[in-house]
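# Analysis of the macromolecular model
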Amino acid sequence: MEAFLISLFLLYIFIELILVFIIKYLQSKIPWIITEEDEYPEFNKKKIQIFFKKTFDLNLGWNWKSKSKHQEKIFSQINKIFFGRFGERKGSQLEKKKINYRFAAFGDSFVFCRYVKNNETWEEQLAQSTSYHGLNLGVGNYGLDQIYLKYLNTKLPKKIKTIFIGFVPETLSRCLCSWKHYHEFNNIYAFKPKFINYKNNLRLISNPIKDMNSFDDVKKIINRIRKDEFFYKEKFYKYKLNFPYSFSLLKNPKYNLKLIFYSILKILNLDNNKIHELVIKKNCIENDIYFSSKKKNIIIKKLMIKINKESKKRGQKIIFLIFPQKHDLFLKKKNYYKFFKNNKKLFKVIDFTNIFEKKNVDKIYLPDKYGGHLTPYGNKIVSETILKKGFI
């Protein structure tokens, strides 16, 4: 019996050592696998400098710099993007003629229109159909809190009277965090301001990163944020793998096994899409649960009210655009859809859920490895819907 127990113990030690090797290796390749080391990640000085030079914004967390440039890879092609004096997306660095802008669009990457050519965004397709040009002021990964703050602090041309505010339902999750790392693992440079509902009013919690020197004391900042950060316990701590890993993996066995398996597929270049699909789908499911909580969704409603009030001061009309991600369309309850439907008397809203559901989703959305963003055809549907509704 004693020999059997020793053999069993040695087998366990062997399995644990194998798991240590596998998890440490996968962690170095896959951002969604996190361990105790990710409690205080290493901030690279060169990356900090690049971040501050290209996108850091004290009031917003990050933002496109005016008159800067960016490029992204769309399948095998490189798309060059230039930004104008408002930080808007432009098709070329130099514009030969002055453009009279009639509308502006604020929002996340579904407004910015990631992974399509400059003439394939829904804003440009609107311009092609109507000759009404607009400012594309979308910024990737923005929550409605950042969208509101950007709208509040952007001085637009006086002729612009129509404002589109667009975002994915996941905007709620984005509004609940001030450090994206706790919600999107390893997005470590993305600190941001957020609002909390304090005594039935929105209270702004400023960006914890003030300048480059903040990273000298980043451990203290992390310790302070962690105390009140919703996603630390809700997600980060829940999915963090600790030693002994054999026990830690059993906390969420189905998800963890899929994560490891799909990670291996990605590393071996056998399937690069599965792991993205797993993560995005899970985010959509969890985010929709948050929409069932009035304590959480009240942030979205109050921000929308604030945007409406500000627009009336400026003599502008606001149209909210709700862009469901592909996996949102397959949710059972669609609490986000019910939320916006229940508030339709307060706001002008186009929720594309029903519209996209009637189409071929594989034609509307890019693969999950590209974040499931809209294809040129998907953006065409958006522009045609806006025209049909008579909002421009």
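It should be emphasised that the depicted structure is a prediction, and the values quoted were computed from it without experimental measurement. (Residues numbered from 1 in each chain as written. Predicted model: local features only at pLDDT ≥ 70, side-chain atom pairs only at ≥ 80, totals over all residues. Heavy atoms only, no water.)

## Some details on the side chain of Glu88
Along the chain, Glu88 falls in the loop between strand S4 (77-83) and strand S5 (89-90). One buried charged residue, Glu88, forms no salt bridge at all, with the nearest opposite charge on Lys90 at 5.4 Å. Engagement of the side chain of Glu88 in a polar contact is seen with the backbone nitrogen of Phe86, the distance being 2.9 Å. Glu88 has contacts with Phe82, Phe83, Tyr101, Leu135, Asn136 and Leu137, leaving out every residue within four places of it along the chain. (Helix = DSSP H or I, 4+ residues; strand = E, 2+ residues; numbered from the N terminus. Buried < 20%, exposed > 50% of the residue type's maximum accessible area, 1.4 Å probe, protein only. Lys, Arg positive; Asp, Glu negative; His and termini not counted. Salt bridge = Lys/Arg side-chain N within 4 Å of Asp/Glu carboxyl O. Polar contact = N/O pair within 3.5 Å; in protein donor to acceptor, adjacent residues only side chain to side chain. Contact = heavy atoms within 4.5 Å.)

## Re the sheet that holds strand S7 (residues 133-138)
Paired through their backbone hydrogen bonds, the strands of a sheet run either parallel or antiparallel. In space, the five strands of this open sheet follow the order S7-S6-S8-S11-S12, with parallel pairing throughout. Where the open sheet ends on each side, the last strands, each with one partner, are S7 and strand S12 (349-351). Strand after strand, the sheet turns through a mean of 20° between neighbouring axes, direction not considered. Where strand S6 (residues 101-107) lies against strand S8 (residues 162-167), five bridges are found, and the strand directions are parallel. Along S8, the bridge assignment pairs Ala105 with Phe164. (Pairing = 2+ DSSP bridges. Axes fitted to C-alpha atoms, helices over the stretch in contact; angles between N-to-C directions.)

## What to know about the layout of surface pockets
Considering only enclosed or pocket space, the largest pocket measures out at about 1800 Å³ in volume. Taken together, 50 residues make up the lining of the largest pocket; nearest its centre are Arg114, Gly140, Asn141, Glu184 and Asn187. Secondary structure elements with two or more residues in the lining of the largest pocket: helix H2 (45-54), strand S3 (69-74), helix H3 (109-112), helix H8 (230-239) and helix H11 (274-290). Ranked by the residues each element gives to the lining of the largest pocket, the list is headed by H11, at six residues. Residues belonging to the lining of the largest pocket are distributed by class as follows: 20 nonpolar, 15 polar and 15 charged. Taken as a whole, the second largest pocket spans an internal volume of roughly 560 Å³. In this structure, the second largest pocket is lined by 20 residues; those nearest its centre are Lys194, Ile196, Ile205, Asp228 and Glu229. (1 Å grid on protein atoms, 1.4 Å probe; cavity = no way out; pocket = protein on both sides within 12 Å on 5 of 7 lines; lining within 4 Å. Points joined across faces, edges and corners; volume = space filled by probe spheres on them. Nonpolar A, V, L, I, M, F, W, Y, C, P; charged D, E, K, R; others polar.)

## Quick word on the side chain of His276
Position of His276 relative to the elements: it lies in helix H11. Sequence-distant contacts of His276, that is, excluding residues within four places in its chain, are made with Trp32, Lys266, Asp368 and Lys369.

## Focus on the nonpolar core
In terms of nonpolar packing, the biggest core is built from 86 residues, with Phe43, Leu144 and Ile165 touching the most fellow members. Filtering out sequence-adjacent residues up to four positions away, Ile165 remains in contact with Phe106, Leu144, Ile147, Ile307, Ile318, Ile319, Phe320 and Leu321. Formed by 25 residues, the second largest nonpolar core is a distinct cluster that contains Ile350, Tyr365, Ile381 and Ile386. (Core = buried A, V, L, I, M, F, W, Y, C linked by side-chain atoms within 4.5 Å.)

## Overview of the sheet that holds S3
Overall, antiparallel pairing links the three strands, which are arranged S3-S4-S5 in an open sheet. The sheet is open, and its two borders are formed by S3 and S5, each paired with just one other strand. The pairing of S3 with S4 spans six bridges and is antiparallel. Counterpart to Ile74 in the pairing with S4 is Gln77.

## Comments concerning helix H1 (residues 2-29)
Compared with the 40 Å implied by 1.5 Å per residue over 28 residues, the 41 Å span of H1 between its first and last C-alpha is a close match. Within H1, the full set of buried residues consists of Glu16, Leu19, Ile23, Leu26 and Gln27. Considering only its buried residues, H1 is in contact with helix H9 (245-249) and helix H10 (253-267). (Expected span 1.5 Å × (residues − 1).)

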